Amino acid sequence: MQSSKAKDNSFNLQKLGILASICSLYIAYKANWGDLFTYFSVENFVAMASFVDEQNEVVRFISDAPPTHYKLKIQLFSLLVENAVEKYESAEFEAGGYKWKLVLYPNGNKSKNVKDHISLYLTLTDTSSLLLGWEVYAVLRLFLLDQRKDKYLTVQDAIGEKSHFHESKLECGFDHFVPLKTFNDASNGYLVDDKCVFGTEVFVTKERGRVKAECLSLIKDTCSVKYVWKIENFSKLNESYYYSEAFSAGGHTWKILIFPKGLGSLYGSYISLYLDLVQYTPDSKAYTDCTLRIVDQLQAKHIAFKADHCFTPTNFFYGWPRFVTPSYLNDPGNGCLVKDVCVVEAEVKVWGCQSSTADIVK
């Protein structure tokens, strides 16, 4: 059996280990962020050791310093509970070059089976400008004001841990931020006259840039979109080319492009017909089945060509330079030109979209 003295020595060594880690953290943080942490003394950190929650890998401590970046004051907090408000999102604020929101679950986050606790998180918002592969590492602290002592219960990840935000994880925080029993106990000062104050500070420590990446999105149950373009006074067209009105298919914008007298060296020998992708983003791709057709208005013996094609910013139109000869088009018996009207159809089915980007790691 281990002696009482041996147990005491072991416990003291464990305390010294925790203290050494905390002091190292203090020195490292102070070096990184200058005077940001000067409101902590070594004594503050020693006291903090007694609040380490090893089971949940969370550090809780009491601080005189208010949150650096955002405060959320709630009046009549009880109404959130009475009205069964599942969660409340704060207004947007900026810190570290990113935009954030506080997200509060007054009765606990039910999606994570949290009971008898308040859950509190920080959510990264407005990620539309961030390209594929982004990652943000940050030191996150969440606060709850003790209004009687004017001090803050402060909760953060375990020593040396950082919150990791990425495309699949926009939210970090604490499921069991504070027990409801503790929060509602008036002697703790967290809820006074049905008012409470939460807060946060977030310090971005590392950002990973956009590595070479690609995302192919296949479209389930996609269907073809048909667009009909009636070209009047066809015989009087004297420009080298004409565009139809724009139309939408598969989330993209398209136009039909016709060269009534042929394209380039084919001038005078053929009518050339193309499908044109008119709106796109850099490095994007649209995988399509497309059909172009000149309608036989008399016997429905249409002239049609079909292809599978991948449209890109550098290959944004596709078609057939030798679509039909002028002699065939102008023959009244073929029905392609009736009362000097030519009917052109496009059928477009987009079955996949791809986006990609490349950048260096910061």
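Residues numbered from 1 in each chain as written. Predicted model: local features only at pLDDT ≥ 70, side-chain atom pairs only at ≥ 80, totals over all residues. Heavy atoms only, no water.

### As for the packing of aromatic side chains
Phase 1: All told, the structure shown has 20 aromatic pairs when counted by the stated rule.
Phase 2: Ring geometry for Phe 183 against Phe 198: centres 6.2 Å apart, planes inclined by 15°, an arrangement best described as stacked. Residue Phe 183 is found in helix H4 (residues 180-184), and its partner Phe 198 is found in strand E12 (residues 195-208); the two are separated by 15 residues along the sequence.
Phase 3: Taken together, a centroid distance of 5.2 Å and an interplanar angle of 35° make the contact between Tyr 287 and Trp 351 tilted. Taken as a pair, Tyr 287 in strand E19 (residues 285-294) and Trp 351 in strand E22 (residues 342-357) lie far apart in primary sequence, 64 residues in all. (Phe/Tyr/Trp six-rings, centres within 6.5 Å; stacked < 30°, edge-to-face > 60°. Helix = DSSP H or I, 4+ residues; strand = E, 2+ residues; numbered from the N terminus.)

### Some details on the side chain of Ser 244
Phase 1: Here Ser 244 lies in the loop between strand E15 (242-243) and strand E16 (247-249).
Phase 2: Within the structure, Ser 244 has its side chain in polar contact with the backbone nitrogen of Ile 256 (distance 2.9 Å).
Phase 3: Setting aside its immediate chain neighbours within four residues, Ser 244 contacts Tyr 227, Trp 229, Lys 255 and Ile 256. (Polar contact = N/O pair within 3.5 Å; in protein donor to acceptor, adjacent residues only side chain to side chain. Contact = heavy atoms within 4.5 Å.)

### Some details on the pairing of strand E7 (residues 117-125)
Phase 1: In terms of residue burial, E7 counts as a mostly covered element, since nine of its nine residues are buried.
Phase 2: Burial along E7 is two-sided: the face carrying His 117, Ser 119, Tyr 121, Thr 123 and Thr 125 and the face carrying Ile 118, Leu 120, Leu 122 and Leu 124 are both buried.
Phase 3: Relative to E7, strand E6 (residues 98-105) is paired through seven bridges, and the arrangement is antiparallel. Bridge pairing in E7 links Leu 104 to Leu 120.
Phase 4: Two strands pair when backbone bridges link them, and E7 and strand E11 (residues 171-179) are joined in this way by six bridges, in the antiparallel orientation. By the bridge assignment for E11, Ile 118 is matched with Val 178. (Buried < 20%, exposed > 50% of the residue type's maximum accessible area, 1.4 Å probe, protein only. Pairing = 2+ DSSP bridges.)

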